[in-house]
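Commentary on secondary and tertiary structure
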Amino acid sequence: MPRAIIVFSHLRWSFVYQRPQHLLTRMAGRRRVIFFEEPVYDAGREPFLECSTPEPGVLVCRPHTPSQKSGFNDEQLHWLAPLLEELVAQEELSRYIVWFYTPMALPLARVLRPSLVVYDCMDELTGFLEAPKELVQREKALLAVADLVFTGGPSLYQAKKSHHPEVHCFPSSVDASHFALACDPECEHATQKVLPKPRLGYFGVLDERLDLQLLDAMALSHPDWQIVMVGPVLKISPELLPKGANIHYFGQQEYAALPGYLAGWDVCLIPFALNDATRFISPTKTLEYMAAEKPVVSTPITDVAVPYGDIVFIGDGIGNFIAACNEALNLPPNRYREMVGAMRQVLAGTSWDATVQAMSQLIDTAVRRKRARTVHSESLAT
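Heads up: these notes are all about the structure in this document. (Residues numbered from 1 in each chain as written. Predicted model: local features only at pLDDT ≥ 70, side-chain atom pairs only at ≥ 80, totals over all residues. Heavy atoms only, no water.)

**Topic: the sheet that holds strand E11 (residues 226-230)**
- Strand order in this open sheet of six strands is E12-E11-E10-E13-E14-E15, and the pairing throughout is parallel. Strand pairing shows two members of the sheet lacking a second neighbour, strand E12 (247-249) and strand E15 (313-314), which therefore form its edges.
- As paired strands, strand E10 (residues 199-203) and strand E13 (residues 267-270) are joined by two bridges and run parallel to one another. Residue pairing across strands places Leu200 opposite Val267, the latter belonging to E13.
- Sheet strands in contact with helix H10 (residues 318-329) are E10, E13, strand E14 (296-298) and E15, and its direction is about 155° off that of E13. (Pairing = 2+ DSSP bridges. Helix = DSSP H or I, 4+ residues; strand = E, 2+ residues; numbered from the N terminus. Contact = heavy atoms within 4.5 Å. Axes fitted to C-alpha atoms, helices over the stretch in contact; angles between N-to-C directions.)

**Focus on the packing of aromatic side chains**
- As enumerated under the stated definition, the model contains 14 aromatic pairs in all.
- Judged by centre distance (6.3 Å) and plane angle (85°), the ring pair of Phe8 and Phe72 falls under edge-to-face. In this pair, Phe8 sits in strand E1 (residues 4-8) while Phe72 sits in the loop between strand E5 (58-65) and helix H2 (74-90), placing the two residues 64 residues apart along the sequence. Each member of the pair, Phe8 as well as Phe72, is classed as buried.
- Taking the centre distance of 6.2 Å and the plane angle of 35° together, the rings of Phe203 and Trp265 count as tilted. Taken together, the residues Phe203 in strand E10 and Trp265 in the loop between helix H7 (258-262) and E13 connect sequence positions 62 residues apart.
- Taken together, the ring pairs in this structure connect Tyr17, Phe179, Phe203, Tyr255, Trp265 and Tyr289 into an aromatic cluster. (Phe/Tyr/Trp six-rings, centres within 6.5 Å; stacked < 30°, edge-to-face > 60°. Buried < 20%, exposed > 50% of the residue type's maximum accessible area, 1.4 Å probe, protein only.)

**Quick word on the pairing of E5**
- The buried count for E5 comes to seven of eight residues, which makes it a mostly enclosed element.
- The pairing of strand E3 (residues 40-41) with E5 spans two bridges and is parallel. Residue pairing in the sheet places Val40 in a bridge with His64 of E5.
- When strand E4 (residues 48-55) meets E5, the two strands line up antiparallel, connected through six bridges. Its bridge partner being in E5, Cys51 is matched across the sheet by Cys61.
- If you look at the hairpin formed by E4 and E5, you'll find two residues sitting between the two strands, and Gly57 has a positive phi there, around 85°.

**Quick look at the pairing of E11**
- With five of its five residues buried, E11 lies for the most part within the structure.
- Residue alternation in E11 divides its side chains into two sets, Gln226, Val228 and Val230 and Ile227 and Met229, and both sets are buried.
- The pairing of E10 with E11 spans five bridges and is classified as parallel. Of the residues in E11, the one forming a bridge with Tyr202 is Met229.
- Taken together, E10, helix H6 (residues 212-221) and E11 constitute a β-α-β crossover, and its handedness is right-handed.
- The sheet contact formed by E11 and E12 spans three bridges and is parallel. In the sheet register, Val228 faces E12, and the bridge partner there is His248. (Right-handed = clockwise from strand over helix to strand, strands pointing away.)

Set out below in structure tokens:
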């Protein structure tokens, strides 16, 4: 029986549907997945786990504690460790893998006896706004105990490969058939149909990674462009977002609704600032936009510009970005066909299913190797 996976995540399952959900729902096809979220404050009650099953084989556990400290703070560990021990006992887990998305949860591993430790490093969290000061040291400790390290893109791979002997690059993939629904204009989402064209759109988290000055300049320089922003606002004040009659915020939408928004866009945007939070970013949306066969314009993010610079329009600086948007909007039919052909070729070489299969093979091999070392050590001891 394949080992279960206990996952510690800084992202909530109900948040934007991205890499963890894609990987773990597929992992759950052959392994029990327990997704242990950051705690929420709940005064006046004994600590407890709020559990749900959003996907077959996936149990999401949200701790409620009397501590107001955010995340896997040291103060929270006093409450979280007993809840975790009780959960393992209730689930009757004797063989399991521990999977980290955040090094901040590492101290909880002390109450566990995993057969393998996996670190899926999907972002360089130390560069994010409000990153805990303990994060650097805790990641160093996690790298010391992890059996496997996966990275969410080539830039992160280059940054981590010298810190562990088993680092493997697994760039985020795409559910191509889901986003290909956007190729049918009839599926357009009703909430944006009233907007005139052209429409330039973005979906994803609205946070410190966005170049807000760039968005404002786009809206001011081309009042006829409708700029559509789909996603939740996080870690920045909504008041900081550029305002304009031609900028439209639709908030967080269900994953199922995203192709409907894409269907009505003329150009897809990756308007990220160049800062610490985006230095190693490998945007999942790049391939999702490609599956919709829409022109894509991005700032020169390394993991976009290097692999896809011949397919995606790259605009370095506000003026160049706006010029790239103009070029994308006026793409001749023959160049559009060439672009779509190149996009389809990229998509044919990747899928979340293939990523999970490759990860699973590495996990199974690592488990066998670790078990063999244990047997060998025990035989030497006797």
